[in-house]
Amino acid sequence: MTTGRAPTGTGPWPYAVWALTRSWLLACVFKVVTVPGPDVTVDVSVIYRGWYEVLLTGTYPLDDVTWQYPPGAALAVLSPALLPFWEYATAFFVLVLVCDALVLGLLLHAGRRPGIRAAGAWVWVVGVPLLGPTVYARYDLMVTAVAVAALLAGVRRPRALGALAAFGALLKGWPVLLLVGVRKGRPTRAAWTSAALSAAGLAAAFALWMPGAFAFLAFQRDRGTEIESLGALVFHLARQFGWAGRVELRYGSMEFVGPQVELVSTLAVGLAVLALGWLLLWRLRARSFAVRTPAEAAFTAVLLFTVTSRVISPQYVVWLVGLAAVCLVFRGTAMTLPAILVLVAAGVTLLEFPVGFAHVVASDARGVTLLVVRNGLLVAASLIAARRLWRSTVPGRPGSEAVPGTVEGQPSRVAR
């Protein structure tokens, strides 16, 4: 029976805390408040602005190896043209703020449905500012907004999930993983067909729009081990014992160059393949798909591919915050602990970049400790999320039980 009252947590407090924390983020990117470390806004005011000028000439940045994004990224880079009365960086920051507000609105709106709660909105309100000004100085929050919209729309409209996942994938690749947890049968056919058709149509449109739409693939292939990645810890520790390599700015990020770097990069790719294999096995074995399963599977998949990546840039964590927020929208989710670990990792990420980035580059005790803690939290979140996803969906596992709340006749399971 409904009481007509709004769910707990949907009063003025989420809006008030959001407004306060986002005012601080805007003060940081507009340099009213100075955050220690490198200036994170340079990516927008210099790099993005440079790409913007090239894109306006009718071609992708074919001569710039730092352009490592799918063709849809051009839309994010060109988006400040929507606000021509402001300088490029100002317009970009305002548009990111708008996307941030839209995510909050989507999560709070979803929280008013039966069986849904406002906890997810609080994850977003708290998690985004924990990353500091970097989160507003990259276009990843825009992509995360598309992913959040896709998962929430997919609760009732699998085709909408597929179309939005395809659009997100052409912005930055990873939203294709939103499709992994769609319930088998008709919903999967609807979502995957919609995604395939949307991706094909959009890819063709981008290829016809400007030359060089897929030049980014070669640039991504040649990337090495970025100094914030899990594999980079090998070289941070090896430097303490006289390793002969060094840190260089390559492909737009700080990477290790030297003996055995190629081997570690290859091993990282191997781990990503193993993660993909586990996801395929889970997909084959899973039988119980609850309404929350697509969000939980997407969260788990993105966690796995983040920790096995050759690059873990600070802004990647906003993807995880957004997916964690969607998971916690659903009552009975098994992802509460992994979501908390991601929030803690977001706070540590701010200490690592930009605040302590000089220590990371130097591989000193402070820098290595921050990376060990941040990456350790993400690894722990990945393993716990994978275990809980398996236990809640694969039959015959100890410690799981059928519970009410089925989706179109499919039993739901939760881990004890």
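Above: the structure in question.
Residues numbered from 1 in each chain as written. Predicted model: local features only at pLDDT ≥ 70, side-chain atom pairs only at ≥ 80, totals over all residues. Heavy atoms only, no water.

Time to look at the state of the cysteines. What the rule picks out here adds up to zero disulfides. Cysteine 99 takes part in no disulfide bond, and the closest cysteine sulfur to it belongs to cysteine 28, at a distance of 19 Å. What makes cysteine 99 buried here is its relative accessible area of 17%. (Disulfide = S-S within 2.5 Å. Buried < 20%, exposed > 50% of the residue type's maximum accessible area, 1.4 Å probe, protein only.)

Side chains of nonpolar character tend, in soluble globular proteins, to be buried together. Grouped together as the largest cluster of nonpolar side chains are 130 residues, with contacts concentrated most on Leu107, Trp124, Tyr136, Tyr139, Leu178, Trp282 and Phe299. If one sorts the elements of this core by residue count, helix α4 (residues 88-110) sits on top with 14 residues. The residues touching tryptophan 124, leaving out its near neighbours within four places in the chain, are Arg22, Asp100, Val103, Leu104, Leu107, Pro129, Leu141, Thr144, Val318, Val321, Gly322 and Ala325. (Core = buried A, V, L, I, M, F, W, Y, C linked by side-chain atoms within 4.5 Å. Helix = DSSP H or I, 4+ residues; strand = E, 2+ residues; numbered from the N terminus. Contact = heavy atoms within 4.5 Å.)

Let us look at a nonpolar patch on the surface. A surface patch of nonpolar side chains, amounting to about 350 Å² of accessible area, comprises Trp24, Phe30, Val32 and Val33. Note that valine 33 resides in the loop between α1 (13-29) and α2 (42-56). Its relative accessible area of 31% is what places valine 33 among the partly exposed residues. (Patch = residues over 30% accessible without salt bridge, like charges linked within 9 Å, V, L, I, M, F, W, Y side chains within 5 Å. Areas by Shrake-Rupley, 256 points an atom, 1.4 Å probe, with all protein chains shown as cover. Salt bridge = Lys/Arg side-chain N within 4 Å of Asp/Glu carboxyl O.)

Another aspect to go through is the packing of aromatic side chains. Counted according to the given criterion, the structure contains 22 aromatic pairs. Ring geometry for tyrosine 48 and phenylalanine 92: centres 5.4 Å apart, planes at 75°, overall edge-to-face. Of the two residues, tyrosine 48 sits in helix α2 while phenylalanine 92 sits in helix α4, which places them 44 residues apart along the sequence. A relative accessible area of 3% means that tyrosine 48 is categorised as buried. Judged by centre distance (5.9 Å) and plane angle (50°), the rings of tyrosine 60 and tryptophan 67 are tilted. We classify tryptophan 67 as buried; its relative accessible area is 1%. (Phe/Tyr/Trp six-rings, centres within 6.5 Å; stacked < 30°, edge-to-face > 60°.)

For the pair helix α14 (residues 336-355) and helix α16 (residues 365-393), interaxial distance at closest approach is 9 Å and the crossing angle is 160°. Between α14 and α16, the angle is such that the two are roughly antiparallel. Here the hand of the crossing between α14 and α16 comes out left-handed. Counting all contacts with α14, which are made through Leu337, Pro338, Leu341, Val342, Val344, Ala345, Val348, Thr349, Leu351, Glu352 and Val355, the residues of α16 involved are Arg366, Leu370, Leu371, Val373, Arg374, Leu377, Leu378, Ala380, Ala381, Ile384, Ala385 and Arg388. Within the contact of α14 with α16, the residues separate by chemical class into 18 nonpolar, one polar and four charged. (Axes fitted to C-alpha atoms, helices over the stretch in contact; angles between N-to-C directions. Parallel < 35°, antiparallel > 145°, perpendicular 65-115°, else oblique. Left-handed = near helix turned anticlockwise from the far one by under 90°. Nonpolar A, V, L, I, M, F, W, Y, C, P; charged D, E, K, R; others polar.)

With that settled, consider the side chain of threonine 306. Structurally, the position occupied by threonine 306 is in helix α12 (residues 293-307). Assessed through its relative accessible area of 3%, threonine 306 is described here as buried. One polar contact links the side chain of threonine 306 to the main-chain carbonyl oxygen of valine 302, over a distance of 2.6 Å. (Polar contact = N/O pair within 3.5 Å; in protein donor to acceptor, adjacent residues only side chain to side chain.)

Here we come to the pattern of salt bridges. This model, assessed by the stated rule, comprises nine salt bridges. Ionic pairing is found between arginine 292 and glutamate 296, a salt bridge with its closest N-O pair at 3.4 Å. Across this residue pair, the class does not change: arginine 292 and glutamate 296 are buried.

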